[in-house]
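Given next are the chains, with one letter for each unit.
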Amino acid sequence: MSTATSKRPADPSSAIEMLREHSLATLAQQELERRIISGEISAGTKLNEVDIASALGVSRGPVREAFSALAQAGLLRVEKNRGVFVRQVSLEEANEFYEVRAALEGLIGKLAARRIAIDEIEQLRAVVRRMHVTQKSRRADEYFILNVEFHDLLARAARNNALLANYRGVVNQLDLYRRATISRGQENIPQSTQEHEAIVEAVAARDEQRAEALLTEHVLVSRARLHAALGLAGPKG
């Protein structure tokens, strides 16, 4: 007479611990990303695993995982025998990111004009109103935040998760460069606000072709303005 071999039950505590570590790694990644994108941690900064773990109130394991994920996302650079650094984006890399962003923004404009909800249009208009207020003070750092909010809202209105993920990946890396130079283009804020206003009206009118064209042009003109503010010649081609 044979007896069934009983399986040993899984240890629930180990499963909970794995879930906890994964959740902490995600939270650590999100917080580090926020600090990097906001400029709280500047490009080129060396990150110490122990210091970050202490600051976030977690163990070194979640921080190590967060470093790995952010390196894959292009926000951190890992150098053998030297450590982990917030990535510094070169002018050449920034030019490439601008070209990719222009294409992505064009598609975002086209799809958003087709799919955006009425309340989202009103949210975009509200951001533009805040831009008008901010342009009077010419505070580039505040305007930068509004610009990020505007474009991310528009990207979400396109209703395409793959597009949104690719857009955010490019923008996050490009912002490492733009953050370092944002104070140089204060005189361009009024013109930029007008461009955002025109984009909202094209999207609200469901004019897919105009929304696509305006957003593509907006990104390329922004690149040209940045080059001019830095005293640089525009990219070839």
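This report concerns the structure included in the present document. (Residues numbered from 1 in each chain as written. Predicted model: local features only at pLDDT ≥ 70, side-chain atom pairs only at ≥ 80, totals over all residues. Heavy atoms only, no water.)

On to the packing of helix H2 (residues 49–56) against helix H3 (residues 60–72), then. Interaxial distance between H2 and H3 falls to 9 Å at its minimum, and their mutual angle equals 110°. On the basis of their axis angle, the class for H2 and H3 is roughly perpendicular. Of the two elements, H2 crosses H3, and the hand of that crossing is right-handed. Taken together, the residues of H3 that come into contact with H2 (itself represented by Glu49, Val50, Ile52 and Ala53) are Arg60, Val63, Arg64 and Phe67. A breakdown of the residues in the contact of H2 with H3 according to their chemical character gives five nonpolar, no polar and three charged. (Axes fitted to C-alpha atoms, helices over the stretch in contact; angles between N-to-C directions. Helix = DSSP H or I, 4+ residues; strand = E, 2+ residues; numbered from the N terminus. Parallel < 35°, antiparallel > 145°, perpendicular 65-115°, else oblique. Left-handed = near helix turned anticlockwise from the far one by under 90°. Contact = heavy atoms within 4.5 Å. Nonpolar A, V, L, I, M, F, W, Y, C, P; charged D, E, K, R; others polar.)

Once that is clear, we can look at H3. For H3, with 13 residues, the first-to-last C-alpha span of 19 Å sits near the 18 Å given by 1.5 Å per residue. Within H3 the residues assigned to the buried category are Pro62, Val63, Ala66, Phe67 and Leu70. Down the axis of H3, the buried set is contained in an arc of 145°. They therefore lie on one face. Directly after H3, the chain includes glycine 74, whose backbone phi takes a positive value near 90°. (Expected span 1.5 Å × (residues − 1). Buried < 20%, exposed > 50% of the residue type's maximum accessible area, 1.4 Å probe, protein only. Arc of directions from axis to C-beta.)

What follows covers the pattern of salt bridges. As enumerated under the stated definition, the model contains 21 salt bridges in all. Across the salt bridge formed by glutamate 93 and arginine 87, the nearest N and O atoms sit 3.0 Å from each other. When its relative accessible area of 27% is taken as the criterion, glutamate 93 is described as partly exposed. A relative accessible area of 15% places arginine 87 in the buried class. When the shortest N-O distance is used, the salt bridge between arginine 156 and aspartate 152 registers 3.1 Å. Pair noted here: arginine 156 and aspartate 152 are both in helix H6 (residues 140–157), with a separation of four residues, about one helical turn. On the accessibility criterion, aspartate 152 (17% relative accessible area) is buried. Members of the salt-bridge network, linked through shared partners, are Glu31, Arg34, Arg35 and Glu40. (Salt bridge = Lys/Arg side-chain N within 4 Å of Asp/Glu carboxyl O.)

Once that is clear, we can look at H2. Along an α-helix, a turn takes 3.6 residues, which lines up residues three or four apart on a common side. Residues Glu49, Ile52 and Ala53 constitute the buried set of H2. Looking straight down H2, one finds its buried side chains confined to an arc of 100°; they lie on one side. Set apart from the buried face of H2 by more than 90 degrees, the exposed residues are Asp51, Ser54 and Ala55. A side-chain oxygen of the first residue of H2 lies 3.0 Å from the backbone nitrogen of valine 50; this N-cap is asparagine 48. Count one or two residues on from H2 and you reach glycine 57, which has phi positive near 75°. (Polar contact = N/O pair within 3.5 Å; in protein donor to acceptor, adjacent residues only side chain to side chain.)

So, about the sheet that holds strand E3 (residues 83–86). Strand order in this open sheet of three strands is E1-E3-E2, and the pairing throughout is antiparallel. Every interior strand has two partners, whereas the edge strands, strand E1 (46–47) and strand E2 (76–79), have only one. Alignment of E2 against E3, held across four bridges, turns out to be antiparallel. Along E3, the bridge assignment pairs glutamate 79 with glycine 83. Here H3 sits on the sheet in contact with E1, E2 and E3, set at roughly 110° to E2. (Pairing = 2+ DSSP bridges.)

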